[in-house]
Amino acid sequence: MPELKSSHEKKRVGILGGTFNPPHLGHLMIAEQVADQLGLNKVFFMPDANPPHVDHKDAIAADQRKAMVELSIAHNPLFELETCELDRGGISYTYDTIKELRLRHPDWEYYFIIGGDMVAYLPKWHRISELVKLVHFVGVGRSGYSRKSRFPILWVDVPLIEISSTNIRWRVRNHCSIKYLVTDNVMDYIREEGLYRE
């Protein structure tokens, strides 16, 4: 007889945060691989309002970044958009976000996905000692970055695909193709909206 799962078993939810300026196929591949390997029920793509730990980028309006995320994830039922940081505005501290999400869904278990480059930044994150008690950090390997951290990290191996939003913006500005770097509908959106041309 099959074992019945408890009706109050926690839902395992991944969070992939970022500027998504623009979202690209690397983001989608990471989310899919982490969800598959960790058995997640959902992965939320969470655009940030103003990330505290990155340099200024060629900023575009938040609603345009949000629209591109929606276009990117439209055909995968495993993926959803989470707008709490955009709705809150201001600097996006992960600690505040996770507290808000846990209040909203106390029975969900959160897995926060970060690249190997971000793992090195963790000691500088706002209230990191408290944050690691609220969420599981999932590290995605990046070439040239160590897997060592004094914080608990679940490491997931994903294919190393060197796609970056910075490079995509450069390609658009220099009239180079971005096909197969972003989804076709995002590529069309960038062209129709005239993004990243300057």
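See the structure shown above.
The structure presented is a predicted model; accordingly, all values stated were derived computationally and were not measured. (Residues numbered from 1 in each chain as written. Predicted model: local features only at pLDDT ≥ 70, side-chain atom pairs only at ≥ 80, totals over all residues. Heavy atoms only, no water.)

Visitor: Account for the overall build of the chain, with residues named and values stated.
Guide: When helices and strands are tallied, the chain shows 8 helices and 6 strands. Listing every helix and strand of the chain by position from the N terminus yields β-α-β-α-β-α-α-β-α-α-β-β-α-α. Relative to the 2.2 N^0.38 estimate, which gives 16 Å for 198 residues, the radius of gyration of the chain is 17 Å and therefore close to what a compact globule would have. For the chain, the spread of C-alpha atoms along the principal axes amounts to about 55 × 45 × 35 Å. Evaluated residue by residue, the chain yields a buried proportion of 44% over its 198 residues. (Helix = DSSP H or I, 4+ residues; strand = E, 2+ residues; numbered from the N terminus. Rg over C-alpha atoms; globule rule 2.2 N^0.38 Å. Buried < 20%, exposed > 50% of the residue type's maximum accessible area, 1.4 Å probe, protein only.)

Visitor: Just give me the short version of helix H7 (residues 165-173), but keep the residues and values in it.
Guide: Here H7 has its buried residues at Ser 165, Ile 168, Arg 169 and Val 172. Each buried residue of H7 sits inside an arc of 100 degrees when the element is viewed along its axis, so together they form one side. The elements touched by buried residues of H7 are helix H1 (25-38) and helix H8 (184-193). The positive-phi residue at the C-terminal boundary of H7 is His 175, with phi of around 60 degrees. (Arc of directions from axis to C-beta. Contact = heavy atoms within 4.5 Å.)

Visitor: Summarise the environment of Gly 14; cite the residues concerned and give the values.
Guide: With respect to the helices, strands and loops of the structure, Gly 14 is situated in strand E1 (residues 11-18). On the basis of relative accessibility, which here comes to 0%, the residue Gly 14 falls in the buried class. For the pair formed by Gly 14 and Trp 170, sequence separation is 156 residues and the distance between their alpha carbons is 30 Å.

Visitor: Could you give an account of the pattern of salt bridges, with specific residues and numbers?
Guide: This structure, assessed with the given rule, holds 9 salt bridges. We note a salt bridge from Arg 127 to Glu 130, for which the minimum N-O separation is 2.9 Å. You can call Arg 127 partly exposed: its relative accessible area is 39%. Take Glu 130: its relative accessible area is 34%, and that puts it in the partly exposed class. Here Asp 184 makes a salt bridge to Lys 179, at a shortest N to O gap of 3.4 Å. (Salt bridge = Lys/Arg side-chain N within 4 Å of Asp/Glu carboxyl O.)

Visitor: Give a description of the nonpolar core that names residues and reports values.
Guide: The biggest cluster of nonpolar side chains holds 22 residues, and the ones touching the most others in it are Phe 112, Ile 114, Leu 122, Trp 125, Leu 131 and Phe 137. Those elements that place two or more of their residues in this core are E1, strand E2 (42-47), helix H4 (94-104), strand E4 (108-115), helix H5 (116-119) and helix H6 (128-131). Among the nonpolar cores identified, the runner-up in size contains 21 residues, and Phe 45, Val 69, Phe 79 and Val 156 belong to it. (Core = buried A, V, L, I, M, F, W, Y, C linked by side-chain atoms within 4.5 Å.)

Visitor: Give me the lowdown on the packing of helix H2 (residues 62-73) against H8, citing residues and values where you can.
Guide: At a minimum axis separation of 9 Å, H2 and H8 run at an interaxial angle of 150 degrees. With respect to H8, the element H2 is oriented roughly antiparallel. The chirality of how H2 crosses H8 is right-handed. Together, Gln 64, Ala 67, Met 68, Leu 71 and Ser 72 of H2 and Asn 185, Val 186, Tyr 189, Ile 190 and Glu 193 of H8 make up the contact between the two elements. (Axes fitted to C-alpha atoms, helices over the stretch in contact; angles between N-to-C directions. Parallel < 35°, antiparallel > 145°, perpendicular 65-115°, else oblique. Left-handed = near helix turned anticlockwise from the far one by under 90°.)

Visitor: Let's hear about the sheet that holds E1: which residues, and what values?
Guide: The strand order across the open sheet formed by 6 strands is E3-E2-E1-E4-E5-E6, and the pairing between neighbours is parallel. With one partner strand each, in any of the chains shown, strand E3 (79-81) and strand E6 (153-156) form the two edges of the open sheet. The average angle at which neighbouring strand axes cross in this sheet is 30 degrees, direction not considered. Note that E4 and strand E5 (residues 136-140) share 5 bridges and pair parallel. If you follow Gly 115 over to E5, its bridge partner there is Val 140. (Pairing = 2+ DSSP bridges.)

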